[in-house]
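Descriptive analysis of the structure
The residues making up each chain are set out below.
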Amino acid sequence: MNVVSYGGGVQSTALLVLAAQRRIDFDTFLFANVGDDSEHPATLRYVREVAAPYAGKHGVALHILDRRRRDGTTETLWERLVRPGSRSIPIPVRMSNGAPGRRSCTADFKIKVVGRWLREHGATKEAPAQVAIGISVDEIHRANRRRSEPHEEIVYPLLDLGLRRTDCLDIIQQAGLPIPPKSACFFCPFKTLQQWQEMRRSEPELFAKASTLEATLIAQRVALGRDPAYLTRRGRPLPEAIPEAAPLPLEHSDDAECDSGWCMT
């Protein structure tokens, strides 16, 4: 069983094109949707309106997976974050010193969701599935073959082909597809200050929703007698930390801190 963990971004969409062109031997793509209330709306639109029709046209199966509870109901990351009485935060919120906190979002809403699908479709420790991750040569520091479940073997086709992110952009454009937006939860604390500011300018309703989430998380921590935690490293609530127009210190992307490769590809 050869599958691709499809993140809805540039690198994994390049893998989709390569699979459609039969340049790599993968005919199943799995998009673990952390929730329609959590994924960036632009990513969901791209997956459903561009990637899925393209995959179907070229004989590639693209499955959109949800996290299921034991009783069969679905759970979204947003629902877990705002659940009353929650004592932990599964996303890498920023502590008072700016460092990211511990997180379980990728493991619970990406890796385990894909892993469950694989087991349900026959993957075992004795016969593991090959799971391709869309990491390109310029992000090789994010590749870690040891981070796999017993029923998985993690592989990196873009590394094997020696392709960089710019190559991925070319592959997508030459196939006649639009370039996908950056894939991540819209409230992901790994955003740079500039990305937050762009959201405030161009997607004010989404920025307001992220601000509301942050306020909820702060209130939860204060109720537990803990220090506040924020969605940026500035140690202030989003509306204060991210001015609408004033220049902000230049930040490099924190993608490297999310080194599993299951998100942002």
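To keep things clear, this report deals only with the structure shown in the data block. This one's a predicted model, so the numbers in the text were calculated from it and none came from an experiment. (Residues numbered from 1 in each chain as written. Predicted model: local features only at pLDDT ≥ 70, side-chain atom pairs only at ≥ 80, totals over all residues. Heavy atoms only, no water.)

**A look at the overall build of the chain**
Within the chain, the regular secondary structure consists of nine helices and six strands. Taking 2.2 N^0.38 as the reference for a compact globule, 265 residues should give roughly 18 Å; the C-alpha atoms of the chain span a radius of gyration of 19 Å, in line with that estimate. Seen through its principal axes, the chain has C-alpha atoms that stretch 50 × 40 × 30 Å. Burial status across the chain gives 52% buried among its 265 residues. Taking all contacts inside the chain whose residues are at least 6 apart in sequence as the whole, residues at least 24 apart take part in 70%. Of the accessible surface of the chain, which amounts to about 12400 Å², a share of 50% is contributed by carbon and sulfur atoms. Between the centroid of the 36 positive side chains of the chain and the centroid of its 33 negative side chains there is a distance of 4 Å. (Helix = DSSP H or I, 4+ residues; strand = E, 2+ residues; numbered from the N terminus. Rg over C-alpha atoms; globule rule 2.2 N^0.38 Å. Buried < 20%, exposed > 50% of the residue type's maximum accessible area, 1.4 Å probe, protein only. Contact = heavy atoms within 4.5 Å. Areas by Shrake-Rupley, 256 points an atom, 1.4 Å probe, with all protein chains shown as cover. Lys, Arg positive; Asp, Glu negative; His and termini not counted. Charge placed at Lys NZ, Arg CZ, Asp CG, Glu CD.)

**Focus: the sheet that holds strand S6 (residues 152-155)**
Spatially, S4-S3-S2-S1-S5-S6 is the arrangement adopted by the six strands of the open sheet, whose pairing is mixed. Two strands close off the open sheet at either side, each with one partner strand: strand S4 (74-75) and S6. Sheet topology note: the strand S1 (residues 2-5)/strand S2 (residues 28-33) ladder contains three bridges and is parallel. Paired with Val4 across the two strands is Phe29, which belongs to S2. Here helix H1 (residues 10-20) sits on the sheet in contact with S1 and S2, set at roughly 155° to S2. Strands in contact with helix H2 (residues 41-57) are S2 and strand S3 (61-68); relative to S3, the strand with the most contacts, it is inclined by about 140°. (Pairing = 2+ DSSP bridges. Axes fitted to C-alpha atoms, helices over the stretch in contact; angles between N-to-C directions.)

**Quick notes on the pattern of salt bridges**
Under the definition given, this model contains 11 salt bridges. Residues Asp36 and Arg48 are paired through a salt bridge, measuring 2.8 Å at the closest nitrogen-oxygen approach. Of this pair, Asp36 sits in the loop between S2 and H2 while Arg48 sits in helix H2, and the two are 12 residues apart along the sequence. Its salt-bridge partner being Arg69, residue Glu79 comes within 3.7 Å of it at the nearest N-O pair. Placement of the pair is Glu79 in helix H3 (residues 77-82) and Arg69 in the loop between S3 and S4, with a sequence separation of 10 residues. Judged by relative accessible area, which is 35%, Glu79 ranks as partly exposed. Salt bridges sharing partners connect three or more residues here, namely Arg67, Glu75, Arg80, Arg83, Asp108 and Lys112. (Salt bridge = Lys/Arg side-chain N within 4 Å of Asp/Glu carboxyl O.)

**Side note on empty space enclosed by the protein**
Counted by the stated rule, this structure contains three cavities of 30 Å³ or more. Approximately 220 Å³ is the volume found for the largest cavity. Lining the largest cavity are 22 residues, and of these Thr106, Ala184, Cys185, Cys188 and Cys263 lie nearest its centre. (1 Å grid on protein atoms, 1.4 Å probe; cavity = no way out; pocket = protein on both sides within 12 Å on 5 of 7 lines; lining within 4 Å. Points joined across faces, edges and corners; volume = space filled by probe spheres on them.)

**Quick word on the packing of aromatic side chains**
Per the stated rule, a full pass over the model turns up six aromatic pairs. With a centroid separation of 5.0 Å and an interplanar angle of 75°, the aromatic rings of Phe186 and Phe187 are classed as edge-to-face. Note on Phe187: relative accessible area 0%, which makes it buried. These aromatic residues form a ring-pair network of at least three members: Tyr6, Phe29 and Phe31. (Phe/Tyr/Trp six-rings, centres within 6.5 Å; stacked < 30°, edge-to-face > 60°.)

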